[in-house]
Amino acid sequence: MQKTSASFLMALCSIMSLVVFMSLPNRALAAPAVPEAGLVGVSSAIVYDLDNDAIIFEQNADAPIPPASITKVLSMFLAFDQIAEGKASLDSPVLVSPEAAATGGSRMGLKSGETVSLKKLLLGMAVSSGNDASHAVAEFIGGSEPDFVKMMNEKAARLGMRNSVFLNPHGLPANGQHTTARDMLALSKAYLRAHPDSLAMHNTKVLEHDGVRTWNKNPLLGQYPGADGLKSGWIRASGYNLIFTAARDGRRLLAVILGAPDMYVRGAEACRLLDASFMVCDNSAPTVAAALDQLPLDLERIDPRKTGRDAGLLKPRMQMAGKSRLSKFGRAKFAFGKNGKLRQYALSRNSFAGGDSLEETARKKGSKAVKASRSKKAQKSLAAKSGGKKAKKTVSAKHGNKKVKAQAAKSHKNTAKSQRHAARRGKAASRG
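Quick caveat: nothing in here was measured; it's all calculated off a predicted structure. (Residues numbered from 1 in each chain as written. Predicted model: local features only at pLDDT ≥ 70, side-chain atom pairs only at ≥ 80, totals over all residues. Heavy atoms only, no water.)

1. A closer look at the overall build of the protein
Move 1: From N to C terminus, the protein includes 13 helices and eleven strands.
Move 2: Relative to its 432 residues, the protein shows a buried fraction of 44%.
Move 3: For the protein, the accessible surface area stands at approximately 22,700 Å², while carbon and sulfur atoms represent 56% of it. (Helix = DSSP H or I, 4+ residues; strand = E, 2+ residues; numbered from the N terminus. Buried < 20%, exposed > 50% of the residue type's maximum accessible area, 1.4 Å probe, protein only. Areas by Shrake-Rupley, 256 points an atom, 1.4 Å probe, with all protein chains shown as cover.)

As structure tokens, this is what we get:
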């Protein structure tokens, strides 16, 4: 009886904890809304020209949004600072605690009690987006995770990140943790200037640790010319975030996207922003906004999982043929009018903005096997119809023959009967 009561109480406590957890503020279940008057299909964006030290585009750049894994840029900044000051080195051995090894979410695959170099852990943060690696680095650099988080907020304040609060070193959901695109730009700008060699880590595509292979989720690596960083992030409350940088003809751009509705829009809009910004650098357009108005959104331009596919960690993209490549996140398409204002459309099979919908395009690009199958079905259907017509003609012919025979027999019978009547009348006349 006591065991039953204890079990009931434990179950009740679990339910109450779940209710309280779900009722906490900032527990959004979807990405922030995209501004109706926005030029790009994300909640917040900003672009910076490093060579001219100028912000050349911004959209809703001061909106507070959970940072997700782009938090790790600040954590890596602190680690590189310690290395630069001689307080640590890339070869420093780091003992992985049980708490670090147990950290959930994206991981590089650390185990409790193992010793890993600081360099390997930093790679785990940049490439694998390892929350376990972030926790281990926080304990090593700060002495404990709480003390490291205090260092993070002090660093953020010195960098002028006035609208940011950090509560953990990795970006996992935490009530009250938030940042802005403008603050993340300030962080990334200072980070690259202080530690330019860090780009080598952020540009690494695949990492292997103790038999576990993980891949970099930055969709621009290997797909946008000159792109070599910086960090991606996602949790439900933030949507898809990305800090990205690219160099072309001696010019480097740095940009931040927060709150993209899905990974395809994030990659496509990042490319579009870079294209428009480089047009301004080349004097091909007066402003980024003017250039954006000329550039359509191409959701098929970037395969956000290409790095994983190339590493053999995911299925080849050809196996995805014929399927809509929009995620369940929002399932929206975007088109741009002459005034440059963003218009959002629900998925449909009808064409929009002068072009086919993604589903319609996928249908038209269907595999040959599907087309062949449809062709065979059509042929069978035609054959069946043709056979049916022939059958009907045959039946009709048979019915016609029967009628003719019946009529002929009846005519013959009538003729014979007439002949008998005539013979009888002849006999009667001869008798008279």
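Alright, that's what it looks like, and here's the rest.
2. Description of the nonpolar core
Move 1: Formed by 53 residues in total, the largest nonpolar core has its most connected members in M76, L110, L121, L122, Y191, I243 and V256.
Move 2: Among the elements that make up this core, the one with the highest residue count is helix α2 (residues 72-84) (seven residues).
Move 3: In contact with Y191, not counting residues within four places along its chain, are V73, M76, F77, F80, P196, S198, H202 and L230.
Move 4: In this structure, A246, A276, V280 and I302 belong to the second largest nonpolar core, which totals 38 residues. (Core = buried A, V, L, I, M, F, W, Y, C linked by side-chain atoms within 4.5 Å. Contact = heavy atoms within 4.5 Å.)

3. Let's talk about the sheet that holds strand β7 (residues 227-235)
Move 1: As summarised here, the arrangement of the five strands in space is β2-β1-β9-β8-β7, forming an open sheet in which the pairing is antiparallel. Only two strands of the sheet have a single neighbouring strand rather than two, namely β2 (54-59) and β7. For this sheet, the mean angle separating the axes of adjacent strands, direction not counted, is 10°. (Pairing = 2+ DSSP bridges. Axes fitted to C-alpha atoms, helices over the stretch in contact; angles between N-to-C directions.)

4. Section: the pairing of strand β1 (residues 44-49)
Residues in a regular strand project their side chains so that they alternate between the two faces of the sheet.
Move 1: Counting buried positions along β1 gives six out of six residues, so the element sits mostly inside the fold.
Move 2: Burial along β1 is two-sided: S44, I46 and Y48 and A45, V47 and D49, pointing in opposite directions, are all buried.
Move 3: Sheet analysis places β1 next to strand β9 (residues 251-260), joined by six bridges and oriented antiparallel. When the bridges of β9 are listed, V47 appears paired with A255.
Move 4: Where β1 and β2 come together, five bridges link them in antiparallel fashion.

5. Observations concerning the side chain of N168
Move 1: Tracing the sequence through the fold places N168 in the loop between α6 (145-158) and α7 (181-194).
Move 2: Owing to a relative accessible area of 7%, N168 belongs among the buried residues under this scheme.
Move 3: Within the local environment of N168, its side chain forms a polar contact with the side chain of H170, the two groups lying 3.2 Å apart.
Move 4: There is a polar contact of 2.7 Å between the side chain of N168 and the backbone nitrogen of G171.
Move 5: Ignoring any residue separated from it by four or fewer positions in sequence, one finds N168 in contact with T71, E145, V149, M152, A174 and Q177. (Polar contact = N/O pair within 3.5 Å; in protein donor to acceptor, adjacent residues only side chain to side chain.)

6. Observations concerning the packing of aromatic side chains
Move 1: A complete count under the given rule lists three aromatic pairs for this structure.
Move 2: Relative to Y191, the ring of F77 has its centre 5.5 Å away and its plane inclined at 55°; by these criteria the two rings are tilted. With a gap of 114 residues between them, F77 in helix α2 and Y191 in helix α7 connect regions that are remote in the sequence. The exposure classification of F77 matches that of Y191, with both residues buried.
Move 3: Between F80 and Y191, the aromatic rings sit 6.4 Å apart at their centres with planes inclined by 50°, giving tilted as the arrangement. (Phe/Tyr/Trp six-rings, centres within 6.5 Å; stacked < 30°, edge-to-face > 60°.)

7. Looking at α2
Move 1: In a regular helix each residue adds 1.5 Å, so 13 residues correspond to 18 Å; α2 covers 18 Å between its end C-alpha atoms and thus fits that length.
Move 2: Among all positions of α2, only K72, V73, L74, S75, M76, F77, L78, A79, F80, D81 and Q82 are buried.
Move 3: A positive backbone phi angle near 80° is found at G86, which sits one or two residues after α2. (Expected span 1.5 Å × (residues − 1).)

8. A short note on the pattern of salt bridges
Move 1: Summed over the entire model, instances satisfying the criterion amount to 14 salt bridges.
Move 2: With a closest N to O distance of 3.7 Å, D132 and R107 form a salt bridge. With D132 in helix α5 (residues 131-142) and R107 in the loop between α3 (98-101) and β4 (115-117), this residue pair connects regions lying 25 residues apart in the sequence.
Move 3: Across the pair R272 and E269 runs a salt bridge, and its minimum N-O distance is 3.0 Å. Linking R272 with E269, this pair stays in helix α9 (residues 263-281), spanning three residues, or about one helical turn. A single burial state applies to R272 and to E269, both of which are buried.
Move 4: By sharing partners, the salt bridges in this structure join D49, D51 and R251 into a single network. (Salt bridge = Lys/Arg side-chain N within 4 Å of Asp/Glu carboxyl O.)

9. Points about the confidence of the model for the protein
Move 1: Looking at the protein, the pLDDT average stands at 80 and 66% of residues meet or exceed 70.
Move 2: With pLDDT under 50 throughout, residues 1-28 is counted as low confidence; its partners more than four residues away or in other chains account for nine contacts. (pLDDT = per-residue confidence, 0-100.)

10. Describing the packing of α5 against α6
Move 1: Viewed as axis vectors pointing N to C, α5 and α6 meet at an angle of 85°, and their least axial separation amounts to 8 Å. In terms of orientation, α5 lies roughly perpendicular with respect to α6. Residues H135, A138, E139, I141 and G142 of α5 lie in contact with α6, whose contacting residues are E145, D147, F148 and M151. (Parallel < 35°, antiparallel > 145°, perpendicular 65-115°, else oblique.)

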